[in-house]
Amino acid sequence: MKKLSLGLASIVIALAATPDDATLRKMATDNGIQAIPKSQAQIQALIEKTAPDAKSNKSTKEKIELGKMLYFDPRLSKSNLISCNTCHNLGLGGADLVPAAIGHKWQPNGQHLNSPTVYNSVFNEIQFWDGRAAHLAEQAQGPIENPVEMAASKELIVERITSIPEYVDAFKKAYGANTKITFELIASTIGVYERTLITPSPFDDFLNGDNNALNKEQKEGLAIFLDKGCTTCHTGVNLGGSMQPFAVVKDYQFSSLGGFKGNKDGLVKAPTLRNVAQTAPYFHNGAFWNLTDAIKEMGSIQLGIDIDDTETKKIASFLQSLTGRKPKVEYPMLPDSTAKTPKPEFQ
């Protein structure tokens, strides 16, 4: 009897053991997870696959630098106070660390929508929580024109940029001497810069063959993450970024906060899990501040399971391995306004 008990215990321990590294890698890739590639050529090929405009508007040094200037320039807002970096702060995980985005006249987003990270957003299948933009060049237009975000018009932005000789020269260098500066080209150039905001992580190192890139708890967390079915929504190179049903099994307890119901089919963009440990609060309406609480909520409303404290801690440890290496960002010196540059408006 004693021998039988010991034998059963050994079987239980064996079943509970974390798979070896090669098996764990295969499990992850079999579940659709992809690593950010090692080589720049492979990364570029992946970008061209996920960002359709990357072929028609190829990245160059001049376009990237111009796009960075525009990304940080608050003159792309009606008030001269809000830049892309205001809500997608590159020093704060690419987000703003508040539940709902704050825009023109200090207005919170009308649907209490949280600002998603801009890092790795090039790998999303779609942009915005309701998936209404196909890629970054299209997405960049939305906040500029939104009356509760940057609140500017197309005409105002073109007038501001073309009133500044340094910007006009920069567009000529980037796109050619006869280039017409349009609102769409301004937004597209911001998108070119955003393509560079890629953060390979220890998890990618592990998937790419480095057995020591993750510690024991992170590997255990990855195994639990896969076993629980989290890759139903969080898969691909971004571990998210596609449209998915939300609150599948149970109602989301904060569904009334902002009233956002997703797109016409009730689908919501599953956020990337890359750098998720840095981008609280969580979910589309920023209702959860603690990563472990968010994990448990997902288990409950999406998968219909209770994830215990031990499992939650290990999953959170795995998710921390998705905190990536950020590209070095040097704040650009922006060109001076001129007498012709439209003045800020606050109404």
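Residues numbered from 1 in each chain as written. Predicted model: local features only at pLDDT ≥ 70, side-chain atom pairs only at ≥ 80, totals over all residues. Heavy atoms only, no water.

Student: Help me understand the overall build of the chain in this model?
Tutor: Each helix and strand in the chain was counted, giving 15 helices and two strands. Over its C-alpha trace the chain gives a radius of gyration of 22 Å, about what one expects of a compact globule, namely 20 Å for 347 residues. The dimensions of the chain, computed from C-alpha atoms along their principal axes, are 90 × 45 × 30 Å. Relative to its 347 residues, the chain shows a buried fraction of 50%. Taking the contacts inside the chain whose residues are at least 6 apart along the sequence as the reference set, 74% of them involve residues at least 24 apart. Summing over all exposed atoms, the chain offers an accessible surface of approximately 16500 Å²; the carbon and sulfur share of this is 56%. Across the chain, the 37 positively charged side chains and the 37 negatively charged ones have centroids separated by 3 Å. (Helix = DSSP H or I, 4+ residues; strand = E, 2+ residues; numbered from the N terminus. Rg over C-alpha atoms; globule rule 2.2 N^0.38 Å. Buried < 20%, exposed > 50% of the residue type's maximum accessible area, 1.4 Å probe, protein only. Contact = heavy atoms within 4.5 Å. Areas by Shrake-Rupley, 256 points an atom, 1.4 Å probe, with all protein chains shown as cover. Lys, Arg positive; Asp, Glu negative; His and termini not counted. Charge placed at Lys NZ, Arg CZ, Asp CG, Glu CD.)

Student: What is the right way to look at the domain arrangement of the chain in this model?
Tutor: Interfaces are often sized by the accessible area lost when the parts come together. Assigned domains of the chain: these are domain 1 (21-33 + 199-322) and domain 2 (44-195). A separation of 27 Å is found between the C-alpha centroids of domain 1 and domain 2. Counting residues at the interface gives 29 residues for domain 1, matched by 25 residues for domain 2. Across the domain 1/domain 2 interface, buried area totals approximately 2100 Å², and carbon plus sulfur atoms make up 61% of it. If you sort the residues of domain 1 by the area they bury against domain 2, Phe260, Lys269 and His284 come out on top, with a joint share of 25%. Taken together, the links from domain 1 to domain 2 amount to zero salt bridges. Joining domain 1 to domain 2, the criterion identifies eight residue pairs in polar contact (both at pLDDT 80 or more). (Domains from an automatic or database assignment. Buried area = accessible area lost by both parts, 1.4 Å probe. Salt bridge = Lys/Arg side-chain N within 4 Å of Asp/Glu carboxyl O. Polar contact = N/O pair within 3.5 Å; in protein donor to acceptor, adjacent residues only side chain to side chain.)

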